[in-house]
Amino acid sequence: MSQENANLEARLEEQDAFEPPESFVEQANVTDPGVYEEFEENWPECWERAADLLSWDEEYETVLEDDDAPFYEWFTGGTLNASYNCLDRHVEEGAKNRAAIKWEGELGETRTYTYGDLLNEVEAFAATLRDLGVEEDDVVTLYLPMIPELPIAMLACARIGAPHAVVFAGFSADALATRMNAAESEYLVTCDGYYRRGDALDHISKANEGLESVEHDVSDVVVVDRLGDDLSHSLGSNQHDWDELMADHEGASVEPVSRDAEDMLFLMYTSGTTGQPKGVKHTTGGYLAYTAWTSRAVLDIKPEDTYWCSADIGWITGHSYIVYGPLALGTTTVMYEGTPDYPEKDRLWEIVEENRVDIFYTAPTAIRAFMKWGAEYPERCDLSSLRLLGTVGEPINPRAWKWYYKHIGNEKCPIVDTWWQTETGGMMITTLPGVNTMKPGSAGPPLPGIDARVVDAEGEEVSGGEAGYVTVNNPWPGMLRTLYNNDDRFLSEYWAEYSDEDADEWVYFPEDGAKLDDDGYITILGRVDDVINVSGHRLGTMEIESAVVGVEGIAEAAVVGGEHEVKGEAVYVYAIPEDGYEDQDDLDERASEAIDTSIGPIARPEEVIFTPELPKTRSGKIMRRLLEDIASGNELGDTSTLRNPEIVDEIADQVEAE
Ligand code: WT7
């Protein structure tokens with residue numbers, strides 16, 4: 001390293017606050033620090049600003065209806081259509097030939113859909129769905145990877161008022177079945193396969209296997225031909241080839257259905273503390289307004305931008321910030337099918353260069369991988385088109401933040417570290433890139449209009465420098481409305497901890513720990529429930545445990561998260577073999593396979609550790625904290641309250657030896 005570079009590194013390392021670059025502020029969508037006060041003084045009417053970003057068929061009467069809190073309603077009385085807002089209105093305003101989606105296939109092929117093209121495709125698929133019998137409010141499951149047919153299908157569903165439920169393509173057959181059963185979904189759109197690191201992956205077999213476990217009749221399955229082989233032999237009697245159906249409906253015109261603001265736009269299943277995933281319900285008006293507003297204010301998206309979020313649409317990030325937010329604003333959104341290191345570790349930077357990407361939004365786990373690979377990869381490409389960078393999904397350590405700032409942003413792009421959840425629909429805690437000072441590692445203050453706090457166990461706000469729990473003390477338009485078919489669980493999961501029901505004071509509890517600083521910036525510390533965050537994906541330890549204890553020869557298991565250099569957290573399984581199975585050396589493999597089968601490869605354990613006992617308190621509760629410390633290689637805390645303290649060292653020795 002040259003002396004000059006070394007000085008630069010040293011300066012960067014010491015710096016703990018960064019001002020937004022002047023060149024950015026000059027052109028930013030939001031630059032007035034007064035926006036915080038304006039929202040506070042004019043709450044909840046301030047949210048009209050978000051609603052104004054949309055085209056309504058019928059104007060709403062009330063911004064916020066809180067009679068039945070915490071079952072809040074937003075923009076009551078208003079009607080609109082999400083697909084109209086994401087497509088038709090832009091075409092009507094003259095943007096027919098602007099690129100809406102620029103897709104990069106893993107093998108190097110590209111496809112560009114203009115707003116005009118995308119509207120045609122969406123109408124053709126909407127007509128197809130109608131012909132198959134899909135009616136308003138029928139839930140359509142989309143089990144698709146990162147191919148353009150996924151957003152096309154989402155918007156087609158939205159057009160006819162059929163909520164979609166996207167299931168991440170990396171999830172297993174069982175996970176698909178669980179979700180289709182929970183949503184009683186009778187329609188499935190899937191594909192034959194897709195590419196990973198140049199290899200074709202079979203997807204349809206997984207879909208078919210899942211369908212076998214669906215408890216109700218499934219009317220129709222539409223299969224996209226991604227691999228280009230002849231599909232006709234492999235389709236079952238109620239299965240249709242996407243291309244054939246689309247050819248039959250080419251040029252169809254389908255009027256967007258006017259939906260009530262509170263009508264469901266989609267369901268998204270996410271992991272919780274029990275084995276049963278939660279069906280998070282998002283609505284048409286509030287969700288769309290909120291994603292559009294945050295895309296504009298935080299991601300600084302303008303119609304002429306090329307914007308790229310590298311998440312998978314199978315997660316909420318892709319719903320909100322690949323599809324709905326960006327398209328509602330009429331921008332160009334990039335979609336990439338594959339992995340960042342195929343064919344080489346500069347793939348993402350090539351995509352940035354080729355598409356002249358202005359805004360790039362990714363996860364800390366990816367940034368940590370880029371760091372590990374080295375700066376030579378981004379240095380190969382021209383990244384000068386970039387104006388703003390973002391992260392989401394997990395805490396970002398200051399070192400990774402600074403690497404991203406320097407090597408991707410060339411110290412010219414602000415970084416927004418955006419804290420939010422599947423349930424919040426959109427961003428909640430982050431700096432506004434044209435307004436606030438950035439502090440690496442800290443997400444920032446709550447967004448305007450969001451009363452997020454860090455509180456102690458009693459719900460009292462902590463002082464600067466102290467840690468506690470995140471709460472959100474007022475509602476916001478993008479919030480989940482309930483858990484599908486499960487209002488009770490909605491109340492007990494999110495509103496029980498800090499609300500005062502008698503006083504009709506409702507406090508949302510996201511189950512994250514955090515630290516507050518003297519400027520009101522919030523540093524997220526991580527989940528405080530039995531949910532772990534692997535590479536920015538939420539996994540329930542109970543779900544994994546129930547897969548492991550289903551394995552023949554395993555008597556009991558505890559699953560915890562341990563620190564991981566790239567993934568943030570990784571899955572560690574501690575298991576007690578049944579008598580007679582102690583010496584079976586394929587037991588760990590079978591445990592991993594069981595996890596693959598019930599959830600998918602994302603939940604694959606880093607290690608499976610067998611032990612004759614698990615550390616338990618005298619009342620028989622497993623001390624997970626100790627198992628977490630062992631997995632992370634931390635100093636072990638107090639073991640004196642254990643019934644079997646001796647087992648802790650035994651387990652720790654074993655983990656170290658691996
Ligand atoms: C959990 C939500 C939001 C889309 C991706 C994940 C963690 C999210 C941050 C951040 C620290 C973060 C939280 C949260 N998280 N963003 N910027 N800094 N932690 O959505 O699967 O619903 O998970 O992800 O723990 O509760 P999700």
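Residues numbered from 1 in each chain as written. Predicted model: local features only at pLDDT ≥ 70, side-chain atom pairs only at ≥ 80, totals over all residues. Heavy atoms only, no water.

Turning our attention to the overall build of the protein chain. The helix and strand tally for the protein chain stands at 21 helices and 29 strands. The C-alpha radius of gyration of the protein chain comes to 25 Å, within 12% of the 26 Å expected for a compact globule of 658 residues. With the C-alpha coordinates of the protein chain rotated into their principal frame, the extents come out at 70 × 65 × 60 Å. Buried residues in the protein chain amount to 60% of all 658 residues. Taking all contacts inside the protein chain whose residues are at least 6 apart in sequence as the whole, residues at least 24 apart take part in 71%. Roughly 25,400 Å² of accessible area belongs to the protein chain as shown, and the carbon and sulfur atoms make up 41% of that amount. Placing the 46 positive and 134 negative side-chain charges of the protein chain at their respective mean positions leaves the two points 5 Å apart. (Helix = DSSP H or I, 4+ residues; strand = E, 2+ residues; numbered from the N terminus. Rg over C-alpha atoms; globule rule 2.2 N^0.38 Å. Buried < 20%, exposed > 50% of the residue type's maximum accessible area, 1.4 Å probe, protein only. Contact = heavy atoms within 4.5 Å. Areas by Shrake-Rupley, 256 points an atom, 1.4 Å probe, with all protein chains shown as cover. Lys, Arg positive; Asp, Glu negative; His and termini not counted. Charge placed at Lys NZ, Arg CZ, Asp CG, Glu CD.)

This model, assessed by the stated rule, comprises 35 salt bridges. One salt bridge connects R356 with D382, and the closest N-O pair in it is separated by 3.3 Å. In this pair, R356 is assigned in the loop between α13 (347–355) and β18 (359–362) and D382 in the loop between α15 (376–379) and β19 (388–392), connecting sequence segments 26 residues apart. For R356, a relative accessible area of 39% translates into the label partly exposed. Of the residues examined, D382 reaches a relative accessible area of 35% and is grouped as partly exposed. One salt bridge in this structure joins D529 and R527, with 2.5 Å as the shortest N-O distance. Through salt bridges with shared partners, one network takes in K278, E423, R489, E493 and R538. (Salt bridge = Lys/Arg side-chain N within 4 Å of Asp/Glu carboxyl O.)

With that settled, consider the packing of aromatic side chains. One pass over the full model with this rule turns up 34 aromatic pairs. Here the aromatic rings of W47 and W293 are separated by 6.3 Å at their centres, their planes lie at 85°, and the arrangement is edge-to-face. Note that W47 is positioned in the loop between α3 (35–41) and α4 (48–51) and W293 in helix α11 (residues 285–297), a separation of 246 residues in sequence. Comparing W47 with W293 shows no difference in burial state: the two are buried. Note on F125 and W242: the rings are 4.2 Å apart at their centroids and 25° apart in plane angle, and the pair reads as stacked. Here the residue F125 occupies a position in helix α6 (residues 115–132), and W242 occupies one in helix α10 (residues 242–248), the gap between them amounting to 117 residues. Using a relative accessible area of 0% as the deciding quantity, one classes F125 as buried. In textbook terms, an aromatic cluster arises when at least three aromatic residues are bridged by ring pairs, as seen for F71, Y72, W476, F490, Y494, W495 and Y508. Over the ring of W103 we find R111, and its NZ or CZ is 4.8 Å from the ring centre. Note that K439 overlies the ring of Y521, its terminal NZ or CZ placed 4.4 Å from the centroid. (Phe/Tyr/Trp six-rings, centres within 6.5 Å; stacked < 30°, edge-to-face > 60°. Lys NZ or Arg CZ within 6 Å of the ring centre and 35° of its normal.)

Moving on: the site of the ligand. D417, T418, T422, R527 and R538 are the nearest of the 17 residues found near the ligand. Within the contact set of the ligand, an oxygen atom lies 2.9 Å away from a side-chain nitrogen or oxygen of D512. The protein chains hide 96% of the 560 Å² of surface that the ligand would expose on its own. For the shell around the ligand, the secondary-structure elements that each account for two or more residues are α12 (316–328), β20 (415–418) and β24 (522–527). A class-by-class count of the residues in the shell around the ligand yields six nonpolar, six polar and five charged. (Near = heavy atom within 4 Å. Polar contact = N/O pair within 3.5 Å; in protein donor to acceptor, adjacent residues only side chain to side chain. Nonpolar A, V, L, I, M, F, W, Y, C, P; charged D, E, K, R; others polar.)

Right, let's get into the domain arrangement of the protein chain. It is common to report an interface's size as the accessible area lost on association of the parts. Entries for the protein chain in the domain assignment read domain 1 (62–417) and domain 2 (529–658). Centre-to-centre separation of domain 1 and domain 2, based on C-alpha positions: 33 Å. In this complex, domain 1 contributes 21 residues to the contact, which on the side of domain 2 involves 23 residues. Together domain 1 and domain 2 conceal approximately 1,700 Å² of surface at their shared face, both sides included; 52% is due to carbon and sulfur atoms. When the buried surface of domain 1 facing domain 2 is broken down by residue, S271, T273 and W315 rank first, second and third, together holding 28% of it. Between domain 1 and domain 2 we count 10 residue pairs in polar contact (both at pLDDT 80 or more) in total. (Domains from an automatic or database assignment. Buried area = accessible area lost by both parts, 1.4 Å probe.)

Let us look at unusual backbone geometry. In this model, W43 is joined to P44 through a cis peptide bond whose omega is 0°. By secondary structure assignment, the location of P44 is in the loop between α3 and α4. Following Y342, the chain continues into P343 via a peptide bond in cis, with omega recorded as -5°. Within the secondary structure, P343 sits in the loop between β17 (332–336) and α13. In this structure, R197 takes a positive phi of about 50° despite not being glycine. Overall, R197 belongs to the partly exposed group, its relative accessible area being 45%.

Further remarks concern the sheet that holds strand β7 (residues 164–166). Two orientations exist for strands paired in a sheet by backbone hydrogen bonds: parallel and antiparallel. Within the open sheet, the seven strands sit side by side as β12-β11-β8-β6-β7-β14-β15. Their pairing is mixed. Strand pairing shows two members of the sheet lacking a second neighbour, β12 (239–241) and β15 (278–283), which therefore form its edges. Going across the sheet, the axis of each strand differs from the next one's by a mean of 25°, ignoring polarity. As paired strands, strand β8 (residues 187–191) and strand β11 (residues 220–224) are joined by five bridges and run parallel to one another. Bridging across to β11, C191 finds its partner in V224. Taken strand by strand, α6 contacts β8, β11 and β12, and its axis lies near 150° from that of β11. (Pairing = 2+ DSSP bridges. Axes fitted to C-alpha atoms, helices over the stretch in contact; angles between N-to-C directions.)

Two numbers describe how helix α20 (residues 624–632) lies on helix α21 (residues 646–657): the axes approach to 9 Å, and their chain directions differ by 25°. By the angle between their directions, the pair α20 and α21 is classed as roughly parallel. Note on packing geometry: the crossing formed by α20 with α21 is right-handed. Facing α20, whose interface residues are L626, L627 and I630, α21 presents V648, I651, A652 and V655. (Parallel < 35°, antiparallel > 145°, perpendicular 65-115°, else oblique. Left-handed = near helix turned anticlockwise from the far one by under 90°.)

The subject of this paragraph is the packing of helix α18 (residues 541–549) against helix α19 (residues 587–598). Orientation of α18 relative to α19, taken along the N-to-C sense of each, is 125°, at an axis distance of 8 Å. Looking at the two axes, α18 sits oblique to α19. Judged by the sense of rotation from one axis to the other, the crossing of α18 with α19 is right-handed. Contacts between α18 and α19 involve E543, I544, A547 and V548 from the first element and A591, A594, I595 and S598 from the second.

Let us now look at helix α16 (residues 398–408). By the criterion of burial, α16 is predominantly enclosed, with nine of the 11 residues buried. Taken as a whole, α16 has its buried residues at A400, W401, K402, W403, Y404, Y405, K406, H407 and I408. Positive phi appears at N410, one or two residues downstream of α16, with a value of about 55°.

Before going further, it helps to examine the sheet that holds strand β16 (residues 306–309). Across the sheet, seven strands lie side by side as β5-β4-β17-β16-β18-β19-β20; this open sheet has mixed pairing. Edge positions in the open sheet fall to β5 (110–114) and β20, since each of these has one partner strand only. Here the average twist between neighbouring strands, direction ignored, is 20°. For β19 and β20, the ladder comprises four bridges, and the chain directions are parallel. Looking at the pairing, G390 lines up with V416 of β20.

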